[in-house]
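Commentary on secondary and tertiary structure
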Amino acid sequence: MLSHSETQYVYIDADDNIDSVYTKLQPISNRHTMIGFRTLTRHSAYAKHIREGRYAIKSGQGAFTVFRHLKNGMQEPVSLTISSTRTLERLSAEVSKKLMMDSTALYHVLTSPKVCAQLGYDTATISCIFIPNTYAVYWNISPEKFLERMDKESKDFWNGERKEKAQALNLTPVQVITLASIVDEETANDAEKPMIAGMYYNRLMLRTGEYPNGMPLQADPTIKYAWKKFGLKRIYNNLLRIDSPYNTYKNTGLPPGPIRIPTVAGIDAVLNLTRHDYLYMCAKEDFSGTHNFAKTYQEHLTNAAKYSKALNERGIK
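Residues numbered from 1 in each chain as written. Predicted model: local features only at pLDDT ≥ 70, side-chain atom pairs only at ≥ 80, totals over all residues. Heavy atoms only, no water.

Digging into the UniProt feature "site: Important for catalytic activity" (unreviewed entry) in the chain
Stated precisely, the cut-off is as follows: UniProt positions are given in the numbering used here, feature names are shortened, and annotations may be inferred rather than shown by experiment. Runs of E in the DSSP output that reach at least two residues are strands. Runs of H or I that reach at least four are helices, and both are numbered from the N terminus. Two residues qualify as a contact provided that any one of their heavy atoms is within 4.5 Å of a heavy atom in the partner residue.
According to UniProt, the positions carrying the feature "site: Important for catalytic activity" (unreviewed entry) are E186. Along the chain, E186 turns up in helix α9 (residues 173-186). Here E186 is in contact with I196, Y200, D220, P221, M281 and H291, once residues within four sequence places are set aside.

Here's the deal with the side chain of R162
Definition in use: Whenever two N or O atoms come within 3.5 Å, that pair is a polar contact, provided that in protein one can donate a hydrogen and the other can accept it, and provided that, for residues adjacent in sequence, both atoms are side-chain atoms.
In this structure, R162 sits in helix α8 (residues 160-168). From its side chain, R162 meets the backbone oxygen of F157 in a polar contact 3.0 Å long. Setting aside residues no more than four positions away along its own chain, R162 makes contact with F157, V264, D268 and L271.

Comments concerning the packing of α9 against helix α11 (residues 220-227)
Each pair of packed helices can be described by the angle between their axes along with the distance between the axes. What counts, and what does not: Fitting a line to C-alpha atoms yields each axis, with helices limited to the stretch in contact; the angle taken between N-to-C directions then spans 0 to 180 degrees. Angles below 35 degrees are treated as roughly parallel, those above 145 as roughly antiparallel, those between 65 and 115 as roughly perpendicular, and all remaining angles as oblique. Only Asp, Glu, Lys and Arg are considered charged, only Ala, Val, Leu, Ile, Met, Phe, Trp, Tyr, Cys and Pro nonpolar, and every remaining residue, Gly among them, polar.
Where α9 meets α11, the closest approach of the two axes is 8 Å, and the angle between their N-to-C directions is 100°. Classified by the angle between their axes, α9 and α11 sit roughly perpendicular to one another. In this structure, α9 contributes I182, E185 and E186 to the contact, and α11 contributes D220, P221 and T222. For the contact of α9 with α11, the class distribution of residues is two nonpolar, one polar and three charged.

As structure tokens, this is what we get:
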């Protein structure tokens, strides 16, 4: 069928008719096989029942094989990678680049309270359904079917072992993912993530006279998320006054949902967090991407002063 040696792909969408199908096949077909395909079409009902999809046309395939694949909707799946993105808008845009669905249509479904509730989430937690990985999906999958598939993958991910670890921490999978999203924003260093997870867990679970409902997480990444200013290098006091449920300086406990789709490494870092007594951390003054940890606030202030000095020396505002 092919006039080339490599596999080619033909994308048939809802607007295609038999003439546009011919047009899409023509560049990768020789004259003989194209005649055969047209003949098979004339003696079938394919022209009236064109099926959407992404079809692989491989070297050596004859007209009959290609016709059978298109007529029966025998698609070639797309390898779709779900990455650790910050917003649903960004996720929708990335997915739409690989699939037929429009980014606006997917975003509309992701922000629909009804659809989210049907899957057991709300609009703040629906991103928990996505586990970063590469999946084989059909190019013309609908947004609703896509979410059903992601829900299945999420349930498979939360196997018995992960569920047991979450329960041992007295956390739900949604809470684990939410905490993991903060940990991922704090560092790209996977080796340090269990330490950071342990520190935030200590704050979350701390119950004292001063913090009867738990110590505020005071996580700078949640402030960036609340402002939707992800490029902030320094968090000044005036930024901490924002009235938002994602302001973990004002509100105790976890924010309403994840501040990004966390990595699998981030999720597993929470599930396997390091047990220690640290309550504070500050980025190291060497800008290595790692942190100095402290048990007391006074110790933390010393670390913070070193980091602030390093920022000032570099002119970072």
